[in-house]
Amino acid sequence: GSVSRRLACGDAEGRLEALFGRVRAIQDKSGRFDMLLCVGNFFGSTSDPEWTEYRTGAKKAPIQTFVLGANNQETVRYFPDFSGCELAENITYLGRRGVFSSTSGLQIAYLSGTESQDEPAPAYSFSSKDVTELKTSLLSTPNFKGVDILLTSPWPRDVGNFANSPGKINTKKHGSTLISDLAASLKPRYHFAALEKAYYERLPYRNHTVLQETPQHVSRFIALADVGNTSKKKYLYAFSIVPMSLMDPAELVKQPQDVTENPYRKSRKEAQKTTKPLVCAEEEPACQFFFDLNKHQGKKRPSDVKERGNSQPKQAKTPSQPTGPCWFCLASPEVEKHLVVSIGTHCYLALAKGGLLPDHVLILPIGHYQSVVDLSPEVMEEVTKYKSALKEFFRSKGKRYVLFERNYKSQHLQLQVIPVPLDCTSEDIKESFITQAREQQIDLLEIPEHSDITQVARPGTPYFYVELDTGEKLFHSIRRSFPLQFGRAVLASPALLALPERADWRRCAAGRAEEAAQARAFRRDFQPFDLALPE
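The rules we used
Residues numbered from 1 in each chain as written. Predicted model: local features only at pLDDT ≥ 70, side-chain atom pairs only at ≥ 80, totals over all residues. Heavy atoms only, no water. Disulfide = S-S within 2.5 Å. Buried < 20%, exposed > 50% of the residue type's maximum accessible area, 1.4 Å probe, protein only. Helix = DSSP H or I, 4+ residues; strand = E, 2+ residues; numbered from the N terminus. Polar contact = N/O pair within 3.5 Å; in protein donor to acceptor, adjacent residues only side chain to side chain. Salt bridge = Lys/Arg side-chain N within 4 Å of Asp/Glu carboxyl O. Axes fitted to C-alpha atoms, helices over the stretch in contact; angles between N-to-C directions. Parallel < 35°, antiparallel > 145°, perpendicular 65-115°, else oblique. Contact = heavy atoms within 4.5 Å. Nonpolar A, V, L, I, M, F, W, Y, C, P; charged D, E, K, R; others polar. Phe/Tyr/Trp six-rings, centres within 6.5 Å; stacked < 30°, edge-to-face > 60°. Pairing = 2+ DSSP bridges.

(A) View of the state of the cysteines. A complete count under the given rule lists 0 disulfides for this structure. Cys38 forms no disulfide, and the closest cysteine sulfur to it belongs to Cys9, at a distance of 4.4 Å. For Cys38, a relative accessible area of 1% corresponds to the buried category.

(B) Spotlight on the side chain of Thr114. Following the sequence through the fold, Thr114 ends up in strand 8 (residues 114-115). Among the polar contacts made by the side chain of Thr114, one reaches the side chain of Ser125 at a distance of 3.3 Å.

(C) Quick peek at the pattern of salt bridges. All chains considered together, the criterion is met by 26 salt bridges. Notably, a salt bridge pairs Lys172 with Glu381, separated by 3.8 Å at the nearest N-O pair. Of the two residues, Lys172 is situated in the loop between strand 10 (149-152) and helix 4 (177-186) and Glu381 in helix 9 (residues 377-396); the sequence distance between them amounts to 209 residues. Judged by relative accessible area, Lys172 falls into the partly exposed class, the value being 41%. By relative accessible area, Glu381 is classed as buried at 10%. Of the charged contacts, one joins Arg395 and Asp469 as a salt bridge, the two residues approaching to 2.7 Å between their closest N and O atoms. With Arg395 in helix 9 and Asp469 in the loop between strand 21 (463-468) and strand 22 (473-477), this pair connects stretches of sequence that are 74 residues apart. When salt bridges that share partners are traced, they join Arg96, Arg97, Lys129, Asp130 and Glu133 into one network.

(D) Up close: the packing of helix 9 against helix 13 (residues 512-526). Between helix 9 and helix 13, the least distance of the axes is 11 Å, while the angle of their chain directions is 95°. The angle between the axes of helix 9 and helix 13 places the two elements in the roughly perpendicular class. Mapping the contact onto sequence places Ala389, Leu390, Phe393 and Phe394 in helix 9 and Phe522, Asp525 and Phe526 in helix 13. Of the residues contributing to the contact of helix 9 with helix 13, the split by class is 6 nonpolar, no polar and 1 charged.

(E) Broad picture of the packing of aromatic side chains. Under the definition given, this model contains 29 aromatic pairs. Centroid distance Phe464 to Phe486: 5.5 Å. Interplanar angle 75°. Geometry classified as edge-to-face. Linking Phe464 in strand 21 with Phe486 in helix 12 (residues 486-492), this pair joins segments that are 22 residues apart in sequence. Taken individually, Phe464 and Phe486 each receive the classification buried, so the pair is uniform in this respect.

(F) Representation of the side chain of Ser219 within the structure. As for its position among the elements, Ser219 is in the loop between strand 12 (200-201) and strand 13 (220-223). A polar side-chain atom of Ser219 sits 2.5 Å from the main-chain carbonyl oxygen of Pro188. Among the polar contacts listed, one links the side chain of Ser219 to the side chain of Asn207, at a separation of 2.9 Å. Excluding its chain neighbours within four sequence positions, the residues that come into contact with Ser219 are Lys187, Pro188, Arg189, Leu203, Pro204, Tyr205 and Asn207.

(G) Highlighting the environment of Asp423. Take Asp423: it is sitting in the loop between strand 19 (415-421) and helix 10 (426-439). For Asp423, a relative accessible area of 64% puts it in the exposed group.

(H) Structural detail: the sheet that holds strand 3 (residues 65-67). Sheet architecture is open: 6 strands sit in the order 4-5-3-2-1-14, paired in mixed fashion. The open sheet has two free edges, formed respectively by strand 4 (85-88) and strand 14 (236-241), since each of these has just one partner strand. Neighbour-to-neighbour, the strand axes of the sheet open up by a mean angle of 25°, direction not taken into account. In terms of strand pairing, strand 4 meets strand 5 (residues 91-93) through 3 bridges, oriented antiparallel. Of the residues in strand 5, the one forming a bridge with Glu86 is Thr92.

Put into structure tokens, the structure is as follows:
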């Protein structure tokens, strides 16, 4: 049938015996694979005695093998013809760039070499012209939905945005921006890369804007380590794939539970940056801050015009206007400024009024958003940064945080963040929440760690959710009513903080001077972890 079984491999560095030995072992154990796709440095920079045996036909690759071209001057000599050619029996160089359609109907786009700013690029590099031509050749095909596989040697820049951690690789500084642009346009179902001597399987990401565009298939980025590395990092990846052209469209666009926002969206939207709002003086009316943001609604932004073909112009989600006075819009006179402990570009932190503990803190968007589901990607990204800063801050004090949000009878998003001692394990915390919820006929369900609350909660529906600093999450969709103090009551209960007298915030009010002193102390301690530090 139409299912093909593929293997992908990181930098072989000329270690062909190790690589093909491993492939033989896999095929002996789990049956034949159709092809091996090699990204990164196929050849080592020193002379390769192993290669001679394959080139002369003394040895033969056990599988149809496709490789990308040179990434440095030393290995250019192995590739006689830049448009692609057979290098040895069963080993084919794909070429500088292009699309390869396999007999089964799979479309494999490839780009050899590393990014270069020069035109023409050196023999082991590609330039923006190569990327544009490759994009144009595909995007101009009728009903282009994306490619099945994309092969590049460098990582795409920013692939770690909205994602599980790529380990030691800083994806904001490493990798190629041209490849990010290529991946954003070609929407590969699998994208393989290497060169960083690291294995990183990114969570799948979306290729459409939720609720604004029809769902599209997700993309999976997988970086592979070098063959035979001593630290046992994964360098060979096996996968089965049915060509997109043969799949049922509904099946193709199924969104896995752990899908994330598109990591390259931000770089494509640089032009839409909103300027950093100033913290307004107390007496300015609330509308002052929103006025500017709302002015752009409904107009095409310059970067939307350039977006390809038939995609609808993407509107950034803008904060709505509060219906009455809002206690949490930073620009509004109702905000108790003395409680604010950090101000970022899109969010701020404030101590909770009548907090469960002196360092009970809220993460709040500066603009008026009602819930996490309504946040734009930029705001969401900053919320995530504040979460990790608070995690490190509380961990440095021997604590872990519990975060909860109640999107019910609330008009401005508040993420409540409360530290508990580290010896409260995440199991204890989940257990307490689930048990006390059950006693009140509330089902709190655990949802996958990497899944995004926006996939579970439908916009406009009330919900309550808890998140631990490990990423574990519990979620409840509110149908009728919900006890307003629930999250706080669970944390105050004997099993966790044992502070029953503080379960109701109204009984915990402190005077303004005391609040201001607590905020000063928090600001001082939090300083080294704060995002809002001047660059």
